[in-house]
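# A look at the structure
These are the residues of each chain, in order.
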2 protein chains.
Amino acid sequence: MAGTIKHLLLLKFKDDLTEDKKQQLIEGYEALPSKIDVMKGFEWGTDLSVENFHQGYTHVFISTFDSTADRDAYLSHEKHQEYAADLLANIEKVLVVDFAPRVVPIPATSS
Amino acid sequence: MAGTIKHLLLLKFKDDLTEDKKQQLIEGYEALPSKIDVMKGFEWGTDLSVENFHQGYTHVFISTFDSTADRDAYLSHEKHQEYAADLLANIEKVLVVDFAPRVVPIPATSS
């Protein structure tokens, strides 16, 4: 399927993980776009929500691709597979959802 | 906190919900930006992931705000509260994570 695909990953690191190892894993994720050219966007952050619906997840990472084929190429890319093995060994839980965003136009404000 | 805040909501509708009611709830969410002027972006989609880490969530909605104060104004806005009450009554589970995105620059491709 052609068109933007956003790949959303939420995680909680293992409780006993050192801050150094967390930092290394985040930097490893940040380094993927320079190694895997189908990644057309990447952003991440830590949970700032106030509704207590985070279900224990603490970090969000969003990768952008131009098609499901590019998403598939990312998933099977050697550099992704190496990274994912390290990441999965160090997290307590993970959630991944991919979607083709329907972008809703925002009305211009009148003020 | 000033700066972009993304508000991520994942859900699974109740199994017995009709397609009409799902559609109505999605359209209701899509209508919020026209009623709540602190919403500066809105996009959504259904899960297309292939890794089986979706943890049962089927829909993703991402709202964008200019600050945590605007996010707070959204959460307490009457139109949001009305909508949220209807939505929460019709879903099996929900997950909300907010974050201030760190956008990682993507290298220009050489090809």
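All of these numbers come straight from a predicted model, not from anything done at the bench. (Residues numbered from 1 in each chain as written. Chains lettered and ligands numbered in written order. Predicted model: local features only at pLDDT ≥ 70, side-chain atom pairs only at ≥ 80, totals over all residues. Heavy atoms only, no water.)

Taken together, the contact pairs 47 residues of chain B with 47 residues of chain A. Summing both partners gives a buried area of about 3,900 Å² for chain B against chain A, and 67% of it is carried by carbon and sulfur. At the boundary of chain B and chain A, one finds 4 salt bridges. At the boundary of chain B and chain A, one finds 20 residue pairs in polar contact (both at pLDDT 80 or more). At the level of secondary structure, the elements contributing two or more residues to the side of chain B that touches chain A comprise β1 (2-13), β2 (41-46), β3 (59-67), α2 (68-76), β4 (91-99) and β5 (102-103) of chain B. Residue composition of the side of chain B that touches chain A, by class: 27 nonpolar, 9 polar and 11 charged. Where strand β2 (residues 41-46) of chain A and β5 of chain B come together, 2 bridges link them in antiparallel fashion. In the sheet register, Trp44 of chain A faces β5 of chain B, and the bridge partner there is Arg102 of chain B. (Contact = heavy atoms within 4.5 Å. Buried area = accessible area lost by both parts, 1.4 Å probe. Salt bridge = Lys/Arg side-chain N within 4 Å of Asp/Glu carboxyl O. Polar contact = N/O pair within 3.5 Å; in protein donor to acceptor, adjacent residues only side chain to side chain. Helix = DSSP H or I, 4+ residues; strand = E, 2+ residues; numbered from the N terminus. Nonpolar A, V, L, I, M, F, W, Y, C, P; charged D, E, K, R; others polar. Pairing = 2+ DSSP bridges.)

Of all residues in chain A, 97% have pLDDT values of 70 or greater, and the mean over the chain is 96. Our summary of model confidence lists the complex with pTM equal to 0.95 and ipTM equal to 0.95. (pLDDT = per-residue confidence, 0-100.)

A few words now on the UniProt feature "domain: Stress-response A/B barrel" (unreviewed entry) in chain A. Here the UniProt-annotated "domain: Stress-response A/B barrel" (unreviewed entry) positions come out as residues 5-99 of chain A. Helix and strand shares over residues 5-99 of chain A are 35% and 35% respectively, and the end C-alpha atoms of the span are 6 Å apart. (UniProt positions renumbered as here; feature names shortened; annotations may be inferred.)

So, about the side chain of Ser49 of chain A. In this fold, Ser49 of chain A is placed in the loop between β2 and β3 (59-67). Taking relative accessible area as the criterion, Ser49 of chain A reaches 15% and is therefore assigned buried. Polar side-chain contacts of Ser49 of chain A include one of 2.9 Å to the side chain of Asp47 of chain A. Excluding anything up to four places from it in sequence, Ser49 of chain A contacts His54 of chain A together with Arg71, Val96, Val97 and Asp98 of chain B. (Buried < 20%, exposed > 50% of the residue type's maximum accessible area, 1.4 Å probe, protein only.)

For the rest of this paragraph, the subject is the sheet that holds β4 of chain B. Sheet strands line up and pair through hydrogen bonds in the backbone, either parallel or antiparallel. The strand order across the open sheet formed by 5 strands is β5(A)-β2(B)-β3(B)-β1(B)-β4(B), and the pairing between neighbours is antiparallel. Across the chains shown, the open sheet's two edge strands, defined by having one partner strand only, are β5 (102-103) of chain A together with β4 of chain B. Relative to β3 of chain B, β2 of chain B runs antiparallel, the two sharing 6 bridges. The partner of Glu43 of chain B across the bridge, within β3 of chain B, is Ile62 of chain B. Packed on one face of the sheet, helix α1 (residues 19-31) of chain B meets β5 of chain A together with β1, β2 and β3 of chain B and runs near 175 degrees to β1 of chain B. (Axes fitted to C-alpha atoms, helices over the stretch in contact; angles between N-to-C directions.)

End to end, α1 of chain B covers 18 Å across 13 residues, agreeing with the expected 18 Å (1.5 Å per residue, within 8%). Those residues of α1 of chain B that fall on the buried side of the exposure criterion are Lys21, Lys22, Leu25, Ile26, Gly28, Tyr29 and Glu30 of chain B. In this structure, the buried side of α1 of chain B is in contact with β5 of chain A together with β1, β2, β3, α2 and α3 (78-88) of chain B. (Expected span 1.5 Å × (residues − 1).)

A few words on the packing of α1 of chain B against α3 of chain B. Residue and element names in this part refer to chain B. With their axes 11 Å apart at the nearest point, α1 and α3 run at an angle of 155 degrees to one another. Taken together, the axes of α1 and α3 are roughly antiparallel relative to one another. Crossing handedness for the pair α1 and α3: left-handed. Here α1 contributes Lys21, Gln24, Leu25, Ile26, Gly28 and Tyr29 to the contact with α3, which in turn contributes Tyr83, Asp86 and Leu87. Its residues assigned to classes, the contact of α1 with α3 comprises 5 nonpolar, 2 polar and 2 charged. (Parallel < 35°, antiparallel > 145°, perpendicular 65-115°, else oblique. Left-handed = near helix turned anticlockwise from the far one by under 90°.)

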